[in-house]
Amino acid sequence: MSQAPHSAPPPPPEAAEHRPSHRGLLVAWAAALVMALAVGGVAIWQVSEKIYTPGHTAQEYWDSITRGSGSEALGFFDPAALDAAGADPVDSVLLDGEALARSTAGIENARFGETSGAQTRAVMQFEVEGEPFETRLPMAAPQNTLAFFPDWELTTASMSRLQIDVPGAAAGGIAQITVNGEPVNLEEDSATLRSYVPAVVEIAVDSEWLVGSSRYVVVQESGADVEQDEAAEPHQITLELEASEAAQAMLHEEVQAYLDGCADQQVLMPAGCPMGINTPNQVVTESIRWSMPEPDELTLDFDEEGWDTAETDMAATVSFDSRHFHDGAALEESHQVDFGLNIAVGASGEELIVAVSGSD
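Let me sum up the structure you'll find in this document. None of the values given here were measured: they were computed from a predicted structure. (Residues numbered from 1 in each chain as written. Predicted model: local features only at pLDDT ≥ 70, side-chain atom pairs only at ≥ 80, totals over all residues. Heavy atoms only, no water.)

### With respect to unusual backbone geometry
Along the chain, Val197 connects to Pro198 via a cis peptide bond; the corresponding omega equals -5°. Counting through the fold element by element, Pro198 comes out in the loop between strand S10 (190-196) and strand S11 (199-206). Unlike most non-glycine residues, Asn180 shows phi in positive territory, near 50°. Its place among the elements puts Asn180 in the loop between strand S8 (176-179) and strand S9 (182-185). The class of Asn180 is buried, set by a relative accessible area of 1%. One non-glycine residue, Asp189, lies in the positive phi region at around 65°. For Asp189, a relative accessible area of 23% translates into the label partly exposed. (Helix = DSSP H or I, 4+ residues; strand = E, 2+ residues; numbered from the N terminus. Buried < 20%, exposed > 50% of the residue type's maximum accessible area, 1.4 Å probe, protein only.)

Put into structure tokens, the structure is as follows:
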């Protein structure tokens, strides 16, 4: 008698109810994927809104400048634009090192934001000695980082050119100025430099005979054209020179020596001098005394034409004893004598030459 083959008993009903179906697995995976994308989208949005923004890029750029790290600051610019800017033969002393660090020293309370629209710009607000300023920092994002985040770069509109004019510098023997403490050579009484934005630029001349100083805050105005930034006009800065205290002192010394030479002559018409008087009376020569004016009121000026002196009309007093021409009576005469001076001033190397003579 044969037996039927052995077969496993069917599973209990409750076990069949708890076994997941293939459709259920697909639904679970889809839900997980949706949740991951949703969470990831929020994270991408948050990172993009907090880090990959023009304002945040501007703040990092500014941090590198305050450390005086010009090479790090250049890393925030479009390399191709920098290559084009580098072809412009201008002085780059303000783009690195101590001169760069000094350009930020006076900037306080920096705040960062951004504008939107056709031209994207970061906005930086700050104060210099309590005076408020605002500058735009034009940017572009030619590519993304990790496919999601805009890679913001400063355009060269965030780097300005400065043209510093020093009228009369060559006439005064000035061939060099200092910019934020660093020497810069002049060419035809001017110098052109490149500067980051913003910057505080201190310009000075401190020679023995001429002095001058100027402070300029470099900002990019809101109307700057991002697409034509290289064609933008440079910031025009004029440094006015004036005679130093040493030059004024030399003028007074030379005029005083000239007048003393005239006063030492006991005559009514001193030789080589612009003052003199005639009298019909018989003069006692040894009694003649000239009293000359003090030259302290004379001032030495300087402009684009060179050296000049202000008002040179003066007055001296001459006194002497005499005898009346007709009756021989003894007289004590005193007369005011007006005169003018010709004063020529010029530089010879490092020497200041002051030549004094009487006016015609």
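The rest of the description comes next.
### Topic: the packing of aromatic side chains
The relation between two aromatic rings is expressed through the spacing of the ring centres and the mutual angle of the planes. The tally for this structure, following the rule as stated, stands at six aromatic pairs. Geometrically, the ring pair formed by Tyr61 and Tyr196 is edge-to-face, given 6.1 Å between the ring centres and 75° between the ring planes. With Tyr61 in helix H3 (residues 54-66) and Tyr196 in strand S10, this residue pair connects regions lying 135 residues apart in the sequence. The class for Tyr61 is buried, based on a relative accessible area of 1%. Using a relative accessible area of 1% as the deciding quantity, one classes Tyr196 as buried. Taken together, Tyr61, Phe76, Phe77 and Tyr196 form an aromatic cluster joined through their ring pairs. (Phe/Tyr/Trp six-rings, centres within 6.5 Å; stacked < 30°, edge-to-face > 60°.)

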